[in-house]
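Close look at the chain arrangement
Spelled out from the first residue to the last, the chains are:
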Amino acid sequence: MTSASTSATQPLSASSGRHDERDASDSDEDDVAFAYMNFQGVDFGEVTCRTGTKEDMPVVEDGDDVGEVSIAKDLESNRNDRPSSLIVTGAGSSVECSDPHHVHYVNRQKKDLSSVFITPDMQLELSSADKELSSLEQHLLLPRLEDESYGELDDFNEAGSNDAQDLFRLLKQGAYADMLRSSVAFTLFGDENEPNLVRFPLNLNGAPFMMERIKMRAFNYCSSKDISNKSTFAKCLELELIGIASLNLFLQLNYTGPSLDRGLKPEEGKEHTHPFDGIHPHGIFQTMAKNSVHNDKNVRDVTVSTSFTSVSEDGPSSGTLELSSLHSLKENTTTDAFHNAVLSELAIDGELPFQICRAPYFLLLARSILSMLAEPTRPFRIWTDENGSEQDDVSSTYSNVSYVCDAFPAAANFLFGAALWSARAVVAHRRLITVRRDDDDGSACPTLWKEAEEMFQRCLGLFCKRKGFFADNSRNTHVAGSVMLEWGLAQHHFRKIGRGKASFNKALDFVELEVEVTGAEGKRTKYQKKSTAQYLVRAKHAEALVHSDYYASEGTQPVTDKNAHIEAQMIKHDDVSDDALLLEKIKFEEEQDNIHYRLSILDQSILLALCLDVKNDNPMDGLTGEQMGGFLARVLNQHDDWMVYATALLERAWLECERTHGRERAILQIQALADQHSNRLTLTQSTFKAVEEDSAPAQDRLRNLHGIVYPPRWELLRDLAERYAKLGVVTSAAELFEELELWDEVVECYRIAGKESKAEEVVRKRLAVKETPRMYAALGDLTKDPKYFERALELSHGKFYDAYVALGKYHFDRGDLRVAMKHYRDALGTKPLMPAVWFKVGTIGMQLREWDTALRAFTEVVQQQPDEGDAWANVAAIHMYRRNPAEAYPALLESLKQNRNNWRVWVSKLYTCIDLKKYDEAIQACNELLTLKARRNESEKVPMIEEKCVRAILCGSIRNYDEARSSCNDCSIDSSRRTLVRLRELLDRMQESTKSEIWLYEVSAHLNSEIGLNEDILSDLMREYRAMQSEKWEQEQTKVTKMVNLTKDIFRCHMKDGTVESLSKCKLMLNGVKKKIGDNCCETEPPKEIIQLESMVTELDQCISAAKAK
């Protein structure tokens, strides 16, 4: 593709705003921008000029490649030569453009709707007032040092005031709702009348109308001129502050608290407006919100601007006051159509947001505003479409309106905090998405990840890969470390490879923090006499030794009014029990180990990130808990920030929940952290002083929230409820689950508590509100009535797989296997990725002897869940039944890899290895069975190793040995000898650990004879002889024959010995055997066994006589 442009693109200078790091390779093939825009989808194919020549235009000619962009000549040298206007024509529409040097042209061959890509005016210069606002934006909206004051804002207070400065003051005070209720916000979103826009169509079906309208309002505000004569930059800055206020309000309501209700202390004679009055939603969506309420029979009427005396989180305190569910701080009416419409727009890549969140409209508002400010050249890009490709959020609704737009991206490029705050909003958006942690392999929400990665890369390039952004080097270091830390946490939240570990280490390097992980002797309990090894984390800056800025952990951090209420968050052991065993802190033997150098809040946040990395990289066991505890103990030695301290307390509580002595304190600590979000009186904040005076304000809680991983309120309550349930406090757990509308857990908790009637009452109440398949399935579980499962299937049109599973279990328990199989298969047709159901199908198939069905089912299980050892064992069992040991063998290995304590699998492996002539592994299986038998109780009935197995191993091993000797292969000979040695060890172990078995001595004697241990042969034969004496062998003919054969072997051994003593013992034994046989013989003629024994006795007499003669 060729271009008429003759000069290369000039990058933005440092004075003109953010650097645009896009190069030609980064340009979007669907991008086109123009100065005056008509937002109708146009196929741009031909370009014509009304004035000027074609050579003067930056036209991209048609070619084979689509997507290359030509940018205008250097504006400084060509400003005076610009044509007055330009018309771009195509597909029956035209767009007039006053400056062709601001236009990107792309050959449109693939899509009818063009992406709007606006080229900023590179020559935009800020006025002195705008420069002051820009300086204020850099100092107040980027990460600030702890001791950094609001001096510049105070200077503005003296000089006067404007809208941006008023918004900054409100932001400093944490009055985010007032910011959204300001005159700027009212101008943006407060009026539903749109004189410059086409009337907006109401739609609640998930179309992206709300986001589109927000962006169009914001763009119109920044691009148009009004009577206030505000600069475009001032408007962009005001818009940025509104977006930040929206995000902070969402985070305050869902993460940090405090909640906004005033229902605790009703003030006599005073009336208050609702905290959300006029902003949830703003005026532009009031009609939409009212219609959604009126169309929903479960939601009460809206009273948008009513006053009230007391509002609590549970609703109005007066029965005469009727409030909308839009204003309910608890928001327990999740059937509200407006709430669901907002959530539908926040849904992304097929993943849904968490339903029980508070005011998601504020997150939608923040995402819409901040995303367009962070990428001003693409202000209308939406997050995703059905095909997963990027498109512009522009509909034909605005097809007849034009805007002057070139100043907006140029002005927005001066907003240095927009990309960082947009990235923060993306991370908050990701954390709202309900992806189960176990199911999230890092591939969820790829569109959000792409946007987060792009935003953070811009921030890294601006603050971390260049030096001297601020005049103060300490501020540069602080911002670089903060941005790198947040980038690592973003990787953690998106569950990417490494989970941010590399970024955490880079942040550590930026702040020059030295961290040493070691151990030291210390005492953990009050009555401990002897010190033991304890985990220790040392952290300090390089200059700490010079300044000696430290304090001892035995004492406390110097108490100030600022941090006294922060430390009060901790629940101490003595607060829980008078006879607490554990110390609050480990007391180390070396005094130097009790000294901790003072760290900044950023340093503490990095330590928490390193603690998180330990959790990500290791299994959650005792050792991992000790490692994490070392980092948490170091952070808890200081209490400088409310949320950093709360995060460390929460992480420590999670660890202590797994310990006996700390569990009670841990549960109470989690409860206290959950309660501090609310303004209600609770067990852990039982006074108005604790709620109002001893609690941190919203702005303090939010200041460092983005550098830590603090869970949202719903996750915290769910975790607390699950821990209550594990401890058996199921009624309290049920109440928490009910608040979160996790109805399955509510029903299960009441069922465990023996309150089936209460559980059924809850379910029937929910069904009275709205019939749902899940509630009918829960009712079926409670009543054991299959008709409720069938009703659930009717409501879901056969798509509710839980009902199929429940029906399958119902019929399986009653022995109707074929009907159960049908229902299970129907469930799998709806949701194939259900390994537990596949396992059931396989089990039923084995019982019905449908081996092909069973094999396919268990194969599906191991494909979906490779660590399911029982499924591997069943696959092997089916192959063994079909006499296919070669196929069974690898399945058995996989099963044993997952569970080595299943004796049935070891027995199967023993038989399979014998069939495959893998005698070494067969011997290993025998040893494992002996180990399991010694370790298990008698009731578990681990079987003895069968005689036929041992004989098969013996015969096979001896045969291999003979074949190896005949082949003269040294390697084979050595291998077969080792096998025989292992077999010898196995037999010795069996003789020691099991009840004496006659065959065991016979096999042992045979083995000794083969390997040449002649001295042990007679010993084994005599043990066999003595063992047979206790079984009354003379009464059974088979045993008589066996005894005679045994005496023959003993006779031969004594004959080899040849001493008189040995021969005499053998004669005595033969006479005893002969006598027992004769005593039990009723025949007149002696049996052949007696004749054989008499012959051996005669031969012995001759040998004895000969030996005596010598």
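Going by the structure above, here's the rest.
What comes next concerns the included structure. Since the structure is predicted, the reported quantities are computational estimates derived from the model, not experimental observations.

1. Concerning the overall build of the chain
The number of helices and strands found in the chain is 46 helices and 14 strands. Relative to its 1110 residues, the chain shows a buried fraction of 52%. Considering only contacts in the chain between residues 6 or more positions apart, those separated by 24 or more positions represent 68%. Summing over all exposed atoms, the chain offers an accessible surface of approximately 51100 Å²; the carbon and sulfur share of this is 48%.

2. Details of empty space enclosed by the protein
Counted under the stated rule, the structure contains 12 cavities of 30 Å³ or more. Estimates place the volume of the largest cavity at around 170 Å³. In terms of lining, the largest cavity is formed by 15 residues, of which the most central are Val427, Arg431, His493, Leu705 and His706. For the lining of the largest cavity, the secondary structure elements donating two or more residues are helix 8 (232–256), helix 13 (418–432) and helix 15 (473–493). Among the elements that make up the lining of the largest cavity, the one with the highest residue count is helix 13 (5 residues).

3. Topic: the packing of helix 20 (residues 601–617) against helix 22 (residues 642–656)
Two elements in contact, helix 20 and helix 22, have axes separated by 10 Å at closest approach and are oriented at 25°. As summarised for this structure, helix 20 and helix 22 are arranged roughly parallel, according to the angle between their axes. As for how helix 20 packs across helix 22, the hand of that crossing is left-handed. Side by side, helix 20 and helix 22 meet where Ile601, Gln604, Ser605, Leu608 and Lys615 of the first sit next to Val644, Thr647, Ala648, Glu651 and Trp654 of the second.

4. Observations regarding the packing of aromatic side chains
Inspection of every chain in the model, using the stated rule, returns 14 aromatic pairs. For the ring pair phenylalanine 219 and phenylalanine 408, a centre distance of 5.3 Å and an interplane angle of 75° mean the geometry is edge-to-face. Separated by 189 residues along the polypeptide, phenylalanine 219 in helix 7 (residues 209–223) and phenylalanine 408 in helix 12 (residues 407–412) bring together distant segments of the chain. For phenylalanine 408, a relative accessible area of 1% puts it in the buried group. Here tyrosine 776 and tyrosine 788 contribute two aromatic rings whose centre-to-centre distance is 6.3 Å and whose plane-to-plane angle is 20°, an arrangement assigned as stacked. In this pair, tyrosine 776 sits in helix 30 (residues 773–783) while tyrosine 788 sits in helix 31 (residues 786–795), placing the two residues 12 residues apart along the sequence. As far as the burial class goes, tyrosine 776 and tyrosine 788 line up, both buried.

How each quantity is defined
- Along each chain, residue indices are assigned from 1 in the same order as the chain's sequence is written.
- The predicted nature of this model means local features are confined to residues of pLDDT at least 70 and side-chain atom pairs, given and counted, to a pLDDT of 80 or more, with totals for whole chains, interfaces and linings taken over all residues.
- Neither water nor hydrogens contribute to the side-chain values; these are computed over all heavy atoms in the structure.
- Only DSSP runs of H or I reaching four residues or more are called helices, and only runs of E reaching two or more are called strands; each is numbered from the N terminus.
- Burial classes: relative accessible area under 20% of the type maximum marks a residue as buried, over 50% as exposed, and values in between as partly exposed (1.4 Å probe, protein chains only).
- Note on contacts: a residue pair qualifies if any of its non-hydrogen atoms lie within 4.5 Å across the two residues.
- Accessible surface is estimated by sampling points in the Shrake-Rupley manner with a 1.4 Å probe; for residues, cover comes only from the protein chains shown.
- Points on a 1 Å grid over protein atoms alone make up a cavity when a 1.4 Å probe fits among them but cannot get out, and a pocket when they form an open set with protein on both sides within 12 Å along at least five of seven lines; lining residues each have an atom within 4 Å of a point.
- Grid points are joined across faces, edges and corners, and a volume is the space filled by probe spheres set on the points.
- For helices, the fitted axis covers only the stretch in contact; all axes are lines through C-alpha atoms, and the angles between them, taken along N-to-C directions, range from 0 to 180 degrees.
- Note on terminology: angles under 35 degrees are roughly parallel, angles over 145 are roughly antiparallel, angles of 65 to 115 are roughly perpendicular, and the others are oblique.
- Working rule for handedness: look at the near helix, and if it is turned counterclockwise from the far one by less than a right angle, call the crossing left-handed; if clockwise, right-handed.
- Stacked, tilted and edge-to-face are the three classes assigned to paired rings of Phe, Tyr and Trp, where Trp is represented by its six-membered ring and a pair needs centres within 6.5 Å; plane angles under 30 degrees give stacked, over 60 edge-to-face, the rest tilted.

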